[in-house]
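Tertiary structure, described
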Amino acid sequence: MKLAIKTQRLISPLKEIKDAVILIDGERIEAVGKHENISIPSDYEIMDVGDKIVTPGLVDIHNHGANGYFAREGADALQEVCTWLGKTGTTCWMATIGDPEGVRGGVEAIKRGTEGCYVPGIRCEGPFLYPKYLPGESPAPPPPADEKTFMEMYEAGEGHIKIMDCSPDLPGGLETIKRIRDHGIISAFAHGNAGYELFMEAVECGVTISTHTYNVMTGMHHRRPGAVGGALTCDEVMAEITADGVHVHPVAMDVLIRCKGLDRVYLISDTQAIAGLPDGFYDWSDRIIDGEYNWVGVKLKKENGVARLAGMGDDVDGAISSSCWPLKKGIQNMINDVGVSLKDAFRMGSLNPAVAANLDHELGSLVRGKRADLLVIDEDVNLFMTMVGGKIVHETELVAELEY
Ligand SMILES: [Zn+2]
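Quick caveat, the model's predicted, so the values are computed rather than measured. (Residues numbered from 1 in each chain as written. Predicted model: local features only at pLDDT ≥ 70, side-chain atom pairs only at ≥ 80, totals over all residues.)

So, about the pairing of strand β17 (residues 298-303). Residues Val298, Leu300 and Lys302 point to one face of β17 and are all buried, whereas Lys299, Lys301 and Glu303, pointing to the other face, are not buried. Judged from the 5 bridges that link them, strand β16 (residues 280-284) and β17 form a sheet pairing that is antiparallel. Bridge pairing links phenylalanine 281 to lysine 301 in β17. Across 4 bridges, the pairing between β17 and strand β18 (residues 306-309) is antiparallel. In the sheet register, glutamate 303 faces β18, and the bridge partner there is valine 306. Counted between consecutive antiparallel strands, the loop separating β17 from β18 contains 2 residues, among which asparagine 304 sits at a positive phi close to 50°. (Buried ≥ 20, exposed ≤ 12 C-beta atoms within 10 Å, placed from the backbone. Helix = DSSP H or I, 4+ residues; strand = E, 2+ residues; numbered from the N terminus. Pairing = 2+ DSSP bridges.)

Looking now at unusual backbone geometry. In this chain, serine 12 is followed by proline 13 through a cis amide linkage whose omega measures 10°. With respect to the helices, strands and loops of the structure, proline 13 is situated in the loop between β1 (2-11) and β2 (16-25). In this structure, proline 127 follows glycine 126 across a cis peptide bond, with omega equal to 10°. Following the sequence through the fold, proline 127 ends up in the loop between β10 (122-124) and α3 (147-157). For glutamate 158, which is not a glycine, the phi torsion comes out positive at approximately 45°. By secondary structure assignment, the location of glutamate 158 is in the loop between α3 and β11 (161-166). A residue is classified by how many C-beta atoms lie within 10 Å of it, and glutamate 158, with 15 of them, is partly exposed. With a phi angle near 60°, valine 381 is a residue other than glycine that sits in the positive phi range. Residue placement: valine 381 occurs in the loop between β20 (374-377) and β21 (383-388). Look at valine 381 and you get buried, because 21 C-beta atoms sit within 10 Å.

Glancing now at helix α6 (residues 226-233). Within α6, 6 of the 8 residues are buried, which leaves it mostly tucked inside the rest of the structure. Listed in full, the buried residues belonging to α6 are Ala227, Val228, Gly229, Gly230, Ala231 and Leu232. Residues of α6 that are buried make contact with β12 (186-189), α5 (196-205), β13 (207-210), β14 (238-242) and α7 (250-260). (Contact = placed C-beta atoms within 7 Å.)

This paragraph deals with the sheet that holds β14. Ordered by their spatial adjacency, 8 strands build an open sheet running β6-β9-β10-β11-β12-β13-β14-β15, and the pairing between neighbours is parallel. At either margin of the open sheet sits one strand with a lone partner, and together these are β6 (58-63) and β15 (265-268). For this sheet, the mean angle separating the axes of adjacent strands, direction not counted, is 30°. Pairing between β13 and β14: 2 bridges, direction parallel. Looking at β14, one finds that isoleucine 209 is bridged to methionine 238. Its contacts with the sheet place helix α4 (residues 173-182) against β11, β12 and β13, and it is angled at close to 170° to β11. (Axes fitted to C-alpha atoms, helices over the stretch in contact; angles between N-to-C directions.)

Another point: the nonpolar core. Counting residues in each nonpolar core, the largest one holds 128 residues, and the members touching the most others are Ile22, Val81, Ile163, Phe199, Ala202, Val207 and Ile209. Looking at which domains feed residues into this core, each of domain 1 (2-56 + 364-402) and domain 2 (58-342) supplies at least three. (Core = buried A, V, L, I, M, F, W, Y, C linked by C-beta atoms within 7 Å. Domains from an automatic or database assignment.)

This part takes up the environment of methionine 200. Along the polypeptide, methionine 200 turns up in helix α5. Note on methionine 200: 21 C-beta atoms within 10 Å, which makes it buried. Linking methionine 200 and isoleucine 53, residues 147 residues apart in sequence, is a C-alpha distance of 41 Å.

All right, on to the domain arrangement of the chain then. Assigned domains within the chain: domain 1 (2-56 + 364-402) and domain 2 (58-342). Relative to domain 2, the C-alpha centre of domain 1 lies at a distance of 31 Å. Listed per partner, the contact involves 11 residues of domain 1 and 13 residues of domain 2. Among the elements of the structure, β21 and β22 (391-395) are those that each provide at least two residues to the side of domain 1 that touches domain 2. Per-element tally for the side of domain 1 that touches domain 2: the top contributor is β21, with 3 residues. Among the residues making up the side of domain 1 that touches domain 2, the classes are represented as 6 nonpolar, 4 polar and 1 charged. (Nonpolar A, V, L, I, M, F, W, Y, C, P; charged D, E, K, R; others polar.)

Our next topic: the sheet that holds β18. Ordered in space as β16-β17-β18-β19, the 4 strands form an open sheet in which the pairing is antiparallel. Sheet topology places β16 and β19 (320-322) at the edges, where each strand pairs with a single neighbour. The mean inter-strand angle of the sheet, taken between neighbouring strand axes irrespective of direction, is 40°. One ladder, built from 2 bridges, connects β18 with β19; its direction is antiparallel. Across the sheet, alanine 307 pairs through a bridge with serine 322, a residue of β19.

To continue, consider the packing of helix α8 (residues 327-338) against helix α9 (residues 342-356). α9 packs onto α8 with a crossing angle of 140° between their chain directions and a minimal axis gap of 9 Å. When you trace α8 past α9, the crossing you get is right-handed. Contact residues: α8 offers Leu327, Gly330, Ile331, Met334 and Ile335, while α9 offers Leu342, Ala345, Phe346, Met348 and Gly349. Class assignment of the residues belonging to the contact of α8 with α9 gives a composition of 8 nonpolar, 2 polar and no charged. (Left-handed = near helix turned anticlockwise from the far one by under 90°.)

All right, on to α7 then. Residues of α7 that are buried include every one of Met253, Leu256 and Lys260, and no others. What you see down the axis of α7 is that its buried residues fit within an arc of 60°, all on one side. In α7, the exposed positions that point more than 90 degrees away from the buried face belong to Val251 and Arg258. Along its buried surface, α7 packs onto α6, β14, β15 and α8. Looking one or two residues past α7, glycine 261 carries a phi angle of roughly 90°, positive in sign. (Arc of directions from axis to C-beta.)

Listed below in structure tokens is the structure:
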């Protein structure tokens, strides 16, 4: 399909273009610019979205699942997640899986190809995570991050594992971080009790991502800067943030942006299967779910869009469990709660995660040659259309009325 989309406002997201045209030829963007500079060839269909805004699609590189399915539950489950994500404005996600069997399912989905949302690879947040040791959990020493386990994951991935998390305070943690980098995989610092010094040692071993910054890491004290102090000040590291409005206070998000700059922070959803489901009680204790969550038979209560552990004993119940909102909500929170502009919020939700995952050569911004992954939204980030690889995967009536 050859399509020209006309809009009064396009966010690339490095710049805004007024009265813009974007030409889409098949899966790719052919041209982007001011209408007066681009002539639309006669074989292109024209879609005029008027005062609706065209932006890049959202890129979610930390997401365990949604809409009742975990990414690790096989290729069909993964497709269900893709279908839901496309309807929320996420056009690319990194299927986040923490065990070899789950990884094999992810590889199958990638080989098969997905509809509704593009899956460029797999992220492994697990198995190399320092235990959370919640009350009631076994106080057994942490499992080592060993070469055998790494190789099992690596071989299961058949080259599709793009990011792997590791806690440096695990036995063998720093060696594993080096091993991750040596195998061409992006290395992320995640979970545990590492302080500032160990954080910086992990960076020397190859870490370039701070996983869900602030959450499950040592905080910043003025004499003990902690892993948070490292994430805030080390320019070699890009910092991801769960911007659901629950996991991190808006002021802490603001501090992160002020420290890192607009180019070194990116938004993640960190959702799991509960995102997209209605409020209620969910007993998933008989399901083999994602590595990060397998420390208990998971039972959750979702209320007002927040999921907490429930039905597992007074000493555990009430802990926030996982995020329930797609990345679009993070964009809205950045704008409404932190005061970031629409353009900069989109930078943190599209281009920056693409850079962190080394995908920016093919997606993350609206420029010639990249994938035609884009959204049509309004000023409040209400979604009217999602396009993935040049294909419209979601649209509301409003845009349908505006067409042609
Ligand atoms: Zn985590």
